[in-house]
Each structure stands twice: as structure tokens, then as C-alpha cells.
Amino acid sequence: MKVDTAYPKIEKLKSKKRITQLFVEGKTLTVFPIKLIYLNTENQEGLIQAGVTVPKKNFKSAVKRNHIKRLLRESYRLNKASVFNNTEGNFAFLFLYLGKETLPFELVERKMKQLLNKFNSTEGSIG
RNA sequence: AUAGCAGGCCACCUUAUCGCCGUGUGCCGAACUCGUUUCGGCAUCUAUUGAGUUUUGCUUCAAGGUUUAAUAGAUUCUGAAUCAAGUUCAGAACAAGGAGGAAAGUCCGGACACCAUAGUGCAGUAUAGCGGGUAACGCCCGUCCGCCGUGAGGUGAGGACAAGUGCAACAGAAAGCAAGUACAGUUCGGCUGUAGUGAAACCAGGUAAACUCUAUACGGUGAAACGUCAUGUAAAUCAGUGUUUAAGGGCUGCACGCUCAAGCUGAAGGGUAGGCGGUUAGAGCUUUUGGGUAACCAAUAGCCUAGAUAAAUGAUAAGGUUCUUCUGAUUUUAUUCAGAGGUUACAGAAUCCGGCUUAUGGCCUGCUUUUUUU
RNA sequence: CGGGAUGUAGCGCAGUCCGGUAGCGCACUCGGCUGGGGGUCGAGUGGUCGCAGGUUCAAAUCCUGUCAUCCCGA
């Protein structure tokens, strides 16, 4: 299977309603410092939408917040193929950054891989 | 060389691999180096300019709509919607672009939108030598005066206490309808001068960043304004009818003024979540010339320069650049060289402009003080 | 994006409107009462009034700027 590393606009989680729904009903997986909130959605087909959040409380500087969001987005983009290949169905993802200090990309990517593997082992067998 | 003052400029760079965002990519004919080429014609769209016509206001004139002419720029492929073209949506390829000097704080001033065409009075707020700049300002420029600095320079809410009211700790006889110490002089009624306290003492006292007065300016609410599309069951909305006692509502606190109401008939709509417009061509940027001491203004030529919305402008690798830590060598010290590691200062557009303030890395220019030499 | 509030002793607050002494409670230190603790009584220590500038003879208080924290509105 071809490894698709693109992250176009459709795959971004944008609906405000969907996000609040995630916080209320979603299940969570944590590999510190990243926390994944996910939910199985029925509306659209063959699509996994993902979003990224860094709380303002931990990072006051907008530059640092943007930087961490970019790192999370990049690591998800490079490793999302494993999720696409192992599961079927529609999911909404939201990645929360719980740490209070910035980390280099190498570490963030390693944690992201661990997190996605964890997701595959819990949800992949069902789907 | 040292310490300092003022002004200006830049905002890490290069290559490779993966990504993100919005913008653009007609028809016919001819030519050749046959291509995502060049040239010419036609059509459409956009922008600018000129002309005609029309609407509104306040005359010259200004703003908007529409028609036409000129100039400039753009018009690829695939799939879907559609009778077709055009157009719209999605994707691919290509092309040219993609954070700041403060984008920040939100402290002032505007543009723009709605509320009556934005009105009247009071209240309230702000400003305050004089002159100028500007769309406007509490900003900027020039200048007088005061204060600070040896100086280059910096800084100042700098009108009025000869309208009224208030306030003045301690000290002092006395801090304001008054009362009165000591000494000296004397025309011995009283008056004049000096002393002492204090920031300030018979003088039209001091104090207005005390109330206040004078002059000037300011209507309110903010892109969550506002318009529009889809969904569509109430209050409210719009149109017609109705016309009174007017409570009350209508986006400033109060008063005036304007306007609306209840009921009936008809129309079409709300909450919530969302799409599109507003939304990026503008008091725009750069060059040259002229006017002005300057801020700035005028003319000319060129340019198009981010538009995201859980929020794009990035990540990784290598090399250089900047800074810094450690080790070794050299040198009287400063420093220089080599190796290793860490780093790229402050900081992220959110309707848009003009300022102010704050954060911060580096470079350059001019000037001043002190010391040394000539 | 818009609106508002608060910074005073180790902690929680007065004082700010209307300018001249910085105070209250808890805590802390010392001493008394008790055999000791607790409790109580008395005395004492401790504050750049967030920071910077200005007005004033004099500023926690008036004015301007700025920093930090917290809250509210969609």
C-alpha cells in the first residue's frame, strides 16, 4: 500500500460541535506528554479527521504554542499511515499536549508512534 | 582610547527531501528553434482613465448606478452538476507568492457599518504658551520660556486664584470676616522698618495633576458591526388597518425632540450550529523633481505586496553565519588559534489604517565630555 | 476581539474618595501565670505600600505610563 503523507484540509478537524462532542463522549489514550481523545463517528465515510490542541495555561507565548502544534501535526502526518492501514471506519482525533516544556521533534515523533500503536492494539482488532 | 547623546538600516543564509495556505491557468489563425513558445485578431472578466446618461446631496462640485471608447493584465488538463456554452464545485500539473518592527499592550485618533438625515440642552470626558502639519489625534515639526545636564542634548497637562468655594501637618502671635510678639525710629494718637517660624506671612498672599471658571473638541455601539444563503414549530419582525391616557421600548446618564405600541388581516421569519460577502488596491509602497528651516505637501514614472478561521506561512538533514560554555596552546595582560557541545534576540497577522508605549539581537553614521600626542 | 477588578508585614485585609501618624487579626520572638503542654496576659520584631516618572513644601493617597495576577462576555 502506498504511504500517503499528505495532510489536506478535509482531514482537519474543524467543526466546533464535533470538538465539544469529543470532550464529552470521547475515549482517551495517553502517552506522556501527548493525550489522544478519539470518537467513532458515523456521518462521513472513509475519513479520519484530526486536530491538535495546546492549552494556553501551560504555554503563554503564542510562538511556542504554534511550534508545538506544528510538531504534533508533523509527527501525525508522517505516521498516520499505520492507522489508515490497520483500521476501518471513521474516527475523529484530538491530540492534546500535556507537557509544560517544549521537546525536540525526535522525541515527539517517538511518543506519537507509541500512541498510535496503542490505538491500533485497542481499536484495530474491533474494526 | 574612555564615558555618553542623537539618528538611520537589517531582522539568520544556502542546498536537498517531505508537507500547509490562498491566487491564476478562453477561442481562431500564422510562424518557427515544435513548446507549459512567439506574434496577430475576436470574445469574456478585472483594474485604471476619458466621454455620454441617470440618481442623491449643498451651486462650482462630490458620491453611486449604467452605456461606450482607449490602455494594461488574465483566460491548462481531468471528473461531477447543467440540453449546451458560460459558470460553480473537487482533484492533478505548472507558475508566481506567503507574518512583524514591534504582528504585542489595547493607551489615543480615524476609516467602515448600523442606530433618525446624527438633532437640541444639561451632565460627563479630554486637551491647554505661540505658530504650523495631518483624514484625525492626547501624535509630529518649529519656536519662546521654565527645569535637568560640564556638554552633545533631554524634558514640561506651560490658560485663569483681579468671579466664588475649599485646603494648608509640624513650627509660628497669626495660614485669612481676624488677632498681634520683640526691638528700633518717630511728630508719642498711631505709623514705619527690622527680627523670628515656615514651602508660603497686610500683598490684589499660596494652592486649580483641589472643586471650579474660560476656550476648544467629542452622539452611541463595535467585524461578535452589518448584508446574505440554507434549515423552518413560538415570542418578536415587515406591510396594511387602527390614532389614544401614554406606562414602556427603540444601543449614551438625564430632559426635550423623533419614532414604535394594544387588537385584526396578510407576508415571511427565530434559537442553535454553519457557508458566503464585509476582507484586503490602500489617507498603499518605491524612484526622481519642485516647494518648505522642518513635520509634510504637490507632480512624474514604476509596482501589486499574506488572507488563515481549533486558526496556514512548517519539519528534518548537511554546511556556513551570530552568540555562548568547556578543554588545550600562545602572549605580561588584552587577545588569537584549534577541538567538542549548545544555540539562533524579542516575538506569530485575525476588519483595515495613522500614532504612542513596552520587549529585544546586530550593524552604520554624526556629535559631545575627559585623557594622551602633535 | 471586547469589558472589568486587584497589587500594602510571612498570610488574610483596613487606610486611597477628602494628600501630612502606615494600622488590624493570625503567625513569629521574649517575658509572666502552670510541674510541663495548651490557653491567656503583657511587650516587641517585621512593610522598596507592584515598578518608573511627574504635580506638590510634602504622595500608599492626585496624574501619566508600565508590569503581573484574576474574572467576565461570544
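Residues numbered from 1 in each chain as written. Chains lettered and ligands numbered in written order. Predicted model: local features only at pLDDT ≥ 70, side-chain atom pairs only at ≥ 80, totals over all residues. Heavy atoms only, no water.

Student: What exactly am I supposed to notice about the packing of aromatic side chains here?
Tutor: Given two aromatic rings, their pairing is described by the distance between the two centres and the angle made by the two planes. Tallied over the full model, the rule gives nine aromatic pairs. On the numbers, 6.1 Å between centres and 50 degrees between planes, the contact of Phe 59 with Tyr 97 is tilted. Separated by 38 residues along the polypeptide, Phe 59 in the loop between β3 (48–53) and α2 (62–79) and Tyr 97 in strand β4 (residues 91–97) bring together distant segments of the chain. Judged by its relative accessible area of 4%, Phe 59 is buried. (Phe/Tyr/Trp six-rings, centres within 6.5 Å; stacked < 30°, edge-to-face > 60°. Helix = DSSP H or I, 4+ residues; strand = E, 2+ residues; numbered from the N terminus. Buried < 20%, exposed > 50% of the residue type's maximum accessible area, 1.4 Å probe, protein only.)

Student: I'm lost on the confidence of the model for chain A in this one. Help?
Tutor: Predicted coordinates in areas of low pLDDT are best not read in detail. Residues with a pLDDT of 70 or more make up 83% of chain A, whose mean pLDDT is 78. At the level of individual helices and strands, chain A shows its lowest average pLDDT in helix α1 (residues 16–25), which scores 73, and its highest in α2, which scores 87. (pLDDT = per-residue confidence, 0-100.)

Student: Where do I start with unusual backbone geometry in this structure?
Tutor: Across the chain, the bulk of peptide bonds are trans and the bulk of non-glycine residues have phi less than zero. Look at the link from Phe 32 to Pro 33: it is a cis peptide, with omega at 5 degrees. In this fold, Pro 33 is placed in the loop between β1 (27–31) and β2 (34–40).

Student: Which parts of the structure should I look at to understand the environment of Leu 39?
Tutor: Within the secondary structure, Leu 39 sits in strand β2. Under the relative-accessibility criterion, Leu 39 is labelled buried at 11%. Sequence separation of Leu 39 and Asn 90 is 51 residues, and the distance between their C-alpha atoms is 8.4 Å. Ignoring anything within four residues of it in the chain, the contact list for Leu 39 reads Gln 21, Leu 22, Glu 25, Gly 26, Asn 90, Phe 91 and Ala 92. (Contact = heavy atoms within 4.5 Å.)

Student: Help me understand α2, please; the structure alone is not making it clear to me.
Tutor: Along its 18 residues, α2 runs 26 Å from first to last C-alpha, staying within 8% of the 26 Å computed at 1.5 Å per residue. Along α2, the positions that sit buried rather than exposed are Arg 65, Ile 68, Leu 71, Leu 72, Ser 75, Tyr 76 and Asn 79. Along α2, the residues classed as buried sweep out an arc of 125 degrees about the axis, all on the same side. In α2, the exposed residues that point more than 90 degrees away from the buried face are Val 63 and Arg 70. Put simply, Ser 61 is the residue that caps the front of α2, since its side-chain oxygen is 3.3 Å from the backbone nitrogen of Val 63. (Expected span 1.5 Å × (residues − 1). Arc of directions from axis to C-beta. Polar contact = N/O pair within 3.5 Å; in protein donor to acceptor, adjacent residues only side chain to side chain.)

Student: Just to check I follow, could you spell out the pairing of β2 for this structure?
Tutor: In summary, the side chains of a regular strand alternate between the two faces of the sheet. Burial within β2 is extensive, with five of its seven residues counted as buried. Note: β1 against β2, five bridges, orientation antiparallel. Looking across to β2, one finds that Lys 27 is bridged to Tyr 38. Connecting β1 to the antiparallel partner β2 that follows it, the hairpin turn spans two residues. Here β2 pairs with β4 via seven bridges, running antiparallel. In the strand pairing of β4, Lys 35 is matched with Leu 96. (Pairing = 2+ DSSP bridges.)

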